[in-house]
Amino acid sequence: MHVVIVGSGIAGLTTAIRASARHDVTLVTKGALADSATSYAQGGVAVALGADDTAALHQADTHVAAAGSADSRAVEVLCTDGPARVRDLLALGVPFDRSADRADLDRYGDDLARGREAAHSRWRVVHADGDATGAAIEQTLIRALHRQHVTILERTCLTDLVVRDGAVVGIDVLDLLGEPRRIDADAVVLASGGAGHLYRETTNPLVATGDGQAAAWRAGAVLADVEFVQFHPTRLAVPGGGLVSEAVRGEGAVLRDARGRRFMTDVHPDADLAPRDVVARGIAAALRDTGAVELDATALDASFLVARFPGLTRATRAAGFDWTRQGVPVAPAAHYAMGGIATDAEGRTSLPGLSAVGEAACTGVHGANRLASNSLLEGLVFAVRAADALDAPRPGLLRLRGDVALAVATVDDTAESTRASRPVDAHAGRPGGPARLRDAADVRQALQAVMTDHVGLLRDADGLAAARRALAALTAPVPRSVREHEDRALLDLARLTARAAEARTESRGAHARTDHPDTDPGAATARAWVLAPATAPTALALVPEEALA
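This text gives an overview of the structure that appears in the document. (Residues numbered from 1 in each chain as written. Predicted model: local features only at pLDDT ≥ 70, side-chain atom pairs only at ≥ 80, totals over all residues. Heavy atoms only, no water.)

## Re the overall build of the protein chain
Phase 1: When helices and strands are tallied, the protein chain shows 14 helices and 21 strands.
Phase 2: Expressed as lengths along the three principal axes of its C-alpha atoms, the size of the protein chain is roughly 65 × 50 × 45 Å.
Phase 3: In the protein chain, buried positions account for 61% of the 549 residues.
Phase 4: By sequence separation, contacts in the protein chain at least 24 residues apart represent 73% of the contacts at least 6 residues apart.
Phase 5: Summed over its atoms, the accessible surface of the protein chain is roughly 19,800 Å², and 51% of this surface lies on carbon and sulfur atoms. (Helix = DSSP H or I, 4+ residues; strand = E, 2+ residues; numbered from the N terminus. Buried < 20%, exposed > 50% of the residue type's maximum accessible area, 1.4 Å probe, protein only. Contact = heavy atoms within 4.5 Å. Areas by Shrake-Rupley, 256 points an atom, 1.4 Å probe, with all protein chains shown as cover.)

Right under this line is the structure:
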């Protein structure tokens, strides 16, 4: 069978390598092969490989971070399959860092160097090149991919899914020359990453514009948990500043407000190593109250700090800081989407012929807040399972997002969104013609302003209602270029995210409502959505949108 995979991060590359043993594989990626969020990952891979650790402990930490809403089956799969998948990376030659400390060998039973990040009860985060784990994994997987018989289409942008008789049978793209093209497929796997550019400040690469999720949405696939957007606590707060890994705090760095006070000790028992959502909100409060927050690593041995985090040392120096002697300014930024295209544990979606893996997917493994360094592991584990299931019979009942009876709200957004599977030459005459167009830069800046101000780290009913109105008033240009297709995707996802955030009238994990600050024990159930008109798969119950309010 011909399998088309969209995306070239850890999930897409792993799926392609695994599937190529039995299938004809085409891998499509919007940029160059290495242009993915994986290449930006610093901290490492969380995995229970040490003699002092177990999959059960890893599962428990994942559930705590997820604020009671992760799917237990998905979490079990992640943590029990994880060790074998990391051994696969070792076999491929990923240069994970090693420890020469005899005490580490006695404690862990191997010489892998380990870090600890927020909400982990064990030192279990294996890393490479200090703080360049993702890049090391990405380059190793790219080399492995080139040893397989895989057709690679770089600088090729997904624009829509092709749906025929209710099944996905291909994709529409803009090719390297910007020309529309259709690629037929027996199976499509979306591994296209997240949508960090819904917000003004993000740790994500430029390609993270939600193309896969939005195409699936327009095609009629079910999306779930889209209200849960993780803001990483520590982005270097300078123009163009990037992520400052949580692993720095794991090694002993602390957060201080403008008065020099360690404020996180008053926020959570785990202080600077509390779950990400807690730390991000703590920093936001300190920024509001004192005007600045710094990450202070000066208590660490300078030579250790430079050797352990060489990339961050270069980045902070480039920004004008010597972090061995002074604190560096940090602030939260959009980082990761817990929600996405609803799948089962084998990557199958509500649409036959379509699978999804990695950040584009929502298995329920992260719940309302992802545990640090579980994302690379997720990409590995579920990519292998999805590749192995490509030619397996489709079950009569799918456990989408872990639920065989997932309640899905139908959204009638015909005035806001156009459906997928349009002929490649049918771009003219789309709803919302030239009289309603905005400049492309204005559309993106406008939606980012709305999302940042009203659907960001802190939310309330008035702000979410204002966001819904503002986003409904925006119209993206008729998409002809890659940039314009990205804007359409971002606008589709912005509208859905605001809608989902408004419907969840509680605070849970990364979804914080100042007007509903408490977590409702009865509201842990996932919220799922599909664009009307939709035909209910046998495993799903379609309900009116107001049923999820």
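## Focus on the environment of arginine 114
Phase 1: Inspection of the secondary structure assignment puts arginine 114 in strand β4 (residues 114-115).
Phase 2: When the C-alpha positions of arginine 114 and phenylalanine 96 are compared, they lie 9.5 Å apart, and in sequence the two are 18 residues distant.
Phase 3: Apart from residues no more than four positions distant in its own chain, arginine 114 is found in contact with Leu49, Gly50, Tyr108, Trp123, Arg124, Val125, Val126 and His127.
Phase 4: In terms of polar contacts, arginine 114 uses its side chain to reach the side chain of aspartate 110, at 2.8 Å.
Phase 5: At a separation of 3.0 Å, a polar atom in the side chain of arginine 114 contacts the main-chain carbonyl oxygen of leucine 112. (Polar contact = N/O pair within 3.5 Å; in protein donor to acceptor, adjacent residues only side chain to side chain.)

## Some words on unusual backbone geometry
Phase 1: Located in the positive-phi region is alanine 67, a residue other than glycine, with phi close to 60 degrees.
Phase 2: What makes alanine 67 partly exposed here is its relative accessible area of 26%.
Phase 3: In the Ramachandran plot, aspartate 129 falls in the positive-phi region, its phi being about 50 degrees despite a non-glycine side chain.

## Observations concerning the packing of aromatic side chains
Phase 1: Taken as a whole, this structure holds two aromatic pairs when the rule is applied.
Phase 2: Here tyrosine 199 and phenylalanine 231 contribute two aromatic rings whose centre-to-centre distance is 5.1 Å and whose plane-to-plane angle is 75 degrees, an arrangement assigned as edge-to-face. Of this pair, tyrosine 199 sits in the loop between β10 (187-190) and α6 (211-219) while phenylalanine 231 sits in strand β12 (residues 229-236), placing them 32 residues apart in sequence. An identical accessibility class is assigned to tyrosine 199 and phenylalanine 231; each is buried.
Phase 3: Each ring, one from phenylalanine 309 and one from tryptophan 323, has its centre 6.2 Å from the other, and the planes form 70 degrees; the classification is edge-to-face. (Phe/Tyr/Trp six-rings, centres within 6.5 Å; stacked < 30°, edge-to-face > 60°.)

## Focus on the sheet that holds strand β3 (residues 45-46)
Phase 1: Pairing within the open sheet is antiparallel, and its three strands lie in the order β3-β5-β4. The outermost strands of the open sheet, each flanked by one partner alone, are β3 and β4.
Phase 2: Of the strand pairs in this sheet, β4 and strand β5 (residues 125-126) are connected by two bridges, and their pairing is antiparallel. Bridged to arginine 114 within β5 is valine 126. (Pairing = 2+ DSSP bridges.)

## Thoughts on the pairing of strand β14 (residues 293-296)
Phase 1: Looking at chain direction, strand β13 (residues 254-257) and β14 are connected through four bridges and run antiparallel. Directly across from arginine 256, in β14, lies its bridge partner glutamate 294.

## Description of the sheet that holds β13
Phase 1: Taken together, the four strands give an open sheet; going across it, the order is β12-β15-β14-β13, and neighbouring strands pair in antiparallel fashion. With one partner strand each, in any of the chains shown, β12 and β13 form the two edges of the open sheet. Taken over all neighbouring pairs, the strand axes of this sheet differ in orientation by 45 degrees on average, direction set aside.
Phase 2: Relative to strand β15 (residues 328-337), β14 runs antiparallel, the two being bridged by two bridges. Its bridge partner being in β15, glutamate 294 is matched across the sheet by proline 329. (Axes fitted to C-alpha atoms, helices over the stretch in contact; angles between N-to-C directions.)

## A short note on the environment of valine 126
Phase 1: Here valine 126 lies in strand β5.
Phase 2: Taking the C-alpha atoms as reference, valine 126 lies 28 Å from glycine 210; in sequence the two are 84 residues apart.
Phase 3: With residues up to four places along the chain from it excluded, the contact list for valine 126 reads Gly43, Gly44, Val45, Val47, Val86, Phe96, Leu112, Ala113, Arg114 and Thr133.

## Digging into the pattern of salt bridges
Opposite charge on two side chains permits pairing when their charged atoms draw close.
Phase 1: According to the stated counting rule, one finds 41 salt bridges in the structure shown.
Phase 2: Put simply, arginine 124 and aspartate 61 hold a salt bridge, and the shortest N to O gap is 2.8 Å. With arginine 124 in the loop between β4 and β5 and aspartate 61 in helix α2 (residues 55-65), this residue pair connects regions lying 63 residues apart in the sequence.
Phase 3: Look at aspartate 61 and you get buried, because its relative accessible area is 9%.
Phase 4: The partner of glutamate 506 in a salt bridge is arginine 504, and the shortest N-O contact between them spans 2.7 Å.
Phase 5: Through salt bridges with shared partners, a single network forms among Lys30, Asp211, Arg444, Glu486 and Asp487. (Salt bridge = Lys/Arg side-chain N within 4 Å of Asp/Glu carboxyl O.)

## Focus: the nonpolar core
Here is a general trend for soluble globular proteins: nonpolar side chains tend to be buried in one another's company.
Phase 1: Within the largest apolar cluster, 58 residues are counted, with the highest numbers of intra-cluster contacts made by Leu161, Ile171 and Leu190.
Phase 2: When residues in this core are grouped by element, the largest group, 10 residues, is from helix α14 (residues 482-503). (Core = buried A, V, L, I, M, F, W, Y, C linked by side-chain atoms within 4.5 Å.)

## Focus on empty space enclosed by the protein
Phase 1: Inspection of the entire model under this criterion finds four cavities of 30 Å³ or more.
Phase 2: The computed volume of the largest cavity comes to approximately 180 Å³.
Phase 3: Contributing to the lining of the largest cavity are 19 residues, with Ala195, Leu198, Gln213, Val229 and Ala337 lying nearest its centre.
Phase 4: Breaking the lining of the largest cavity down by element, the ones donating at least two residues are β15 and α14. (1 Å grid on protein atoms, 1.4 Å probe; cavity = no way out; pocket = protein on both sides within 12 Å on 5 of 7 lines; lining within 4 Å. Points joined across faces, edges and corners; volume = space filled by probe spheres on them.)

## Quick look at the pairing of β15
Across a regular strand the side chains alternate sides, sitting on one face of the sheet and then on the other.
Phase 1: Across the 10 residues that make up β15, a large majority, 10, are buried.
Phase 2: Here β12 pairs with β15 via six bridges, running antiparallel. Bridge pairing in β15 links arginine 235 to alanine 331.

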